[in-house]
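What the coordinates show
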Amino acid sequence: MQKLAILCFLLIFLNNFIVQAQSQFPYFRRGHIPGTQIPRFERHPQGRQYHRLQLGLGATGAESIAFDCEGDGPYVGVSDGRILKWQGHSVGWTVFAITNPKRSNTCNGLNDSPAEQNCGRPLGLKFNTATCELYITDSSVGLVKLDRKGGVATPIATSAEGVTFRFLNTLDIDSETGHVYFTDSSFRYHRWEFRSINRSDRSGRLLRYDPKTKRVTVLLRGLSFANGVALSKNKDFILVTETTTYQVQKYWLTGLKAGTAELFIQLSGRPDNINRNTNGDFWISQNPTKPIKVNESGTILESLDTDIIVDASDVTEFHNNLWIGSVIQNYIIYTS
Ligand SMILES: *[C@@H]1O[C@H](CO)[C@@H](O)[C@H](O)[C@H]1NC(C)=O
Ligand SMILES: *[C@@H]1O[C@H](CO)[C@@H](O)[C@H](O)[C@H]1NC(C)=O
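Treat the numbers as computed from the prediction; the structure is a model and nothing was measured.

1. Some words on unusual backbone geometry
- A cis geometry characterises the amide bond from Gly-73 onward to Pro-74, with omega recorded as 5 degrees.
- Note that Pro-74 resides in the loop between strand S2 (65-66) and strand S3 (75-77).
- Of the consecutive residues Asn-287 and Pro-288, the connecting peptide bond is found in the cis state with omega at 0 degrees.
- Of note, Pro-288 is situated in the loop between strand S22 (282-287) and strand S23 (292-294).
- Despite not being glycine, Asp-112 shows a phi value in the positive range, around 55 degrees.
- Within the element layout of this structure, Asp-112 appears in the loop between strand S5 (93-98) and helix H2 (116-119).

This is how it looks when you write it as C-alpha cells:
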C-alpha cells in the first residue's frame, strides 16, 4: 500500500515535471505536431481563489457589502451597530458611521441581542452611484442615509401605511430616479427573533421610497420573511427573496404585468441577499446550500460549491471579483 502511494507520487511528480518542462522548453515537446495545442498542466485549476478577510475591531456579522463612488471599500454593517470601512492592509478597518444617534461605545462587540434596539443593526448597505450617498436599512432604526463623510446617519423613514418597520432587511437603488427599494422582513418579529419566523408569518413587505415626494409606497405585502432585493438591469422588474419559503419572487415594474408578482425561482436553500452584477445576472446567497448565480430567466449559471463558504448572506460582485458577507462569521471572503 505504502509502495503504491510512493509510486503514484513519483509518477505525478514526473508528469508535472515533464509537462512544465514542455511548456517552458519547446524542444522537450516530443511528438508535437505543429499547430496543435499541448495540454498544459494547471497548477491552479481554472476557478476562483478564495481569501478570508478578518473584520477586526471586535466586529462580527457583516450581513452585506458595498463599495463607494470612488470604488473604495468594502463597507460593511456589523452586529453591534457600526458601519466599517476597509482601508487596505496598512490601515485596516475603520469606523465609518453609526445608525442610531443614541448609540454608545458600550454597544461595541454586541452580537445577536435585543439590545441592538439601542445600538442599531445595519443589515442592508447600498450607495446611490449618482449622489454617492450611502443608504442603509437598519433593522432596528429604519431607513437611513449618510453622505461621503460618514458619521451619524440621517433618518428617512420608520413606517409605511401607518405600520412601523420592525425588521428592515435590505435594499437596492435606482440611481436615475433615486428610488430606494427595500424590505421589511416581518411586522411581527424583531430581527433577533428571526429563528421564530416560520412560513405562517406572511407579514413581509416590499417597499419603495421616493426621495422627491419623501413617501414610502408598499409594492408587495404578504411575503414570507421578505429578505434580499435586486433591481433588474433594465429596471423592468425587481426580485425579492422569501427566506422561509425558499423562493424568489419577481415583481414587475413596467409593461403589461406591472404591479404584479410571479415566482422567479424555487431554491434548494433559504435565500438571503440577492445582488445583480454589471452583466445583469444575479447572485443569490442561500443556506445551508451554497450561493448561486442565475440569469434573468432563472437559469443557474454558477454555484459557489466550496466548503470555504459557510453562512453566506451576501455575494457582491465588484470588478469581476466576489465579496461574500456573513451575518454570523467574523470575517468576509473575497475571490481573486
Ligand atoms: C409558526 O408561527 C406561528 C406564529 O407566527 C405559531 O403560532 C405556530 O405554532 C408556528 N408553527 C410551527 C410549526 O412552529
Ligand atoms: C439564461 O441561460 C439559459 C441557458 O444558457 C439561456 O437559454 C437563456 O436564454 C438565458 N437567459 C437570458 C435572459 O440570458
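After that view, the rundown keeps rolling.
2. Focus on the packing of aromatic side chains
- Per the counting criterion, the structure on display carries 11 aromatic pairs.
- Ring centres of Phe-67 and Trp-323 lie 5.4 Å apart, and the angle between their planes is 70 degrees; this geometry places the pair in the edge-to-face category. One end of the pair, Phe-67, is in the loop between S2 and S3; the other, Trp-323, is in strand S26 (residues 321-325), and 256 residues separate them in sequence.
- A relative accessible area of 12% places Phe-67 in the buried class.
- Taken together, the ring pairs connect Phe-67, Phe-318, Trp-323 and Tyr-334 into an aromatic cluster.
- The ring of Tyr-331 has Arg-52 sitting right over it, with the charged end atom 3.8 Å from the ring centre.

3. Regarding the site of ligand 2
- Around ligand 2, a shell composed of Asn-295, Glu-296, Ser-297 and Thr-299 is seen.
- The contact in question runs from an oxygen atom of ligand 2 to an N or O atom on the side chain of Asn-295, over 2.3 Å.
- Take Ser-297: an N or O atom from its side chain is 2.6 Å from a nitrogen atom of ligand 2.
- For ligand 2, the protein covers 35% of the area, taking 360 Å² as the surface of the free molecule.

4. Description of the sheet that holds strand S10 (residues 154-157)
- Read from one edge to the other, the open sheet built from four strands follows the order S6-S7-S8-S10, with strand pairing classed as antiparallel. For this open sheet the edge positions go to strand S6 (122-127) and S10, each flanked by a neighbour on one side alone. Geometrically, the sheet is characterised by an average inter-axis angle of 30 degrees between neighbouring strands, direction not taken into account.
- Summarising the sheet, strand S7 (residues 134-138) and strand S8 (residues 142-146) pair through five bridges and their orientation is antiparallel. Bridged to Thr-137 within S8 is Leu-143.

Here is what the cut-offs are and how they apply
Residues numbered from 1 in each chain as written. Chains lettered and ligands numbered in written order. Predicted model: local features only at pLDDT ≥ 70, side-chain atom pairs only at ≥ 80, totals over all residues. Heavy atoms only, no water. Helix = DSSP H or I, 4+ residues; strand = E, 2+ residues; numbered from the N terminus. Phe/Tyr/Trp six-rings, centres within 6.5 Å; stacked < 30°, edge-to-face > 60°. Buried < 20%, exposed > 50% of the residue type's maximum accessible area, 1.4 Å probe, protein only. Lys NZ or Arg CZ within 6 Å of the ring centre and 35° of its normal. Near = heavy atom within 4 Å. Polar contact = N/O pair within 3.5 Å; in protein donor to acceptor, adjacent residues only side chain to side chain. Areas by Shrake-Rupley, 256 points an atom, 1.4 Å probe, with all protein chains shown as cover. Pairing = 2+ DSSP bridges. Axes fitted to C-alpha atoms, helices over the stretch in contact; angles between N-to-C directions.

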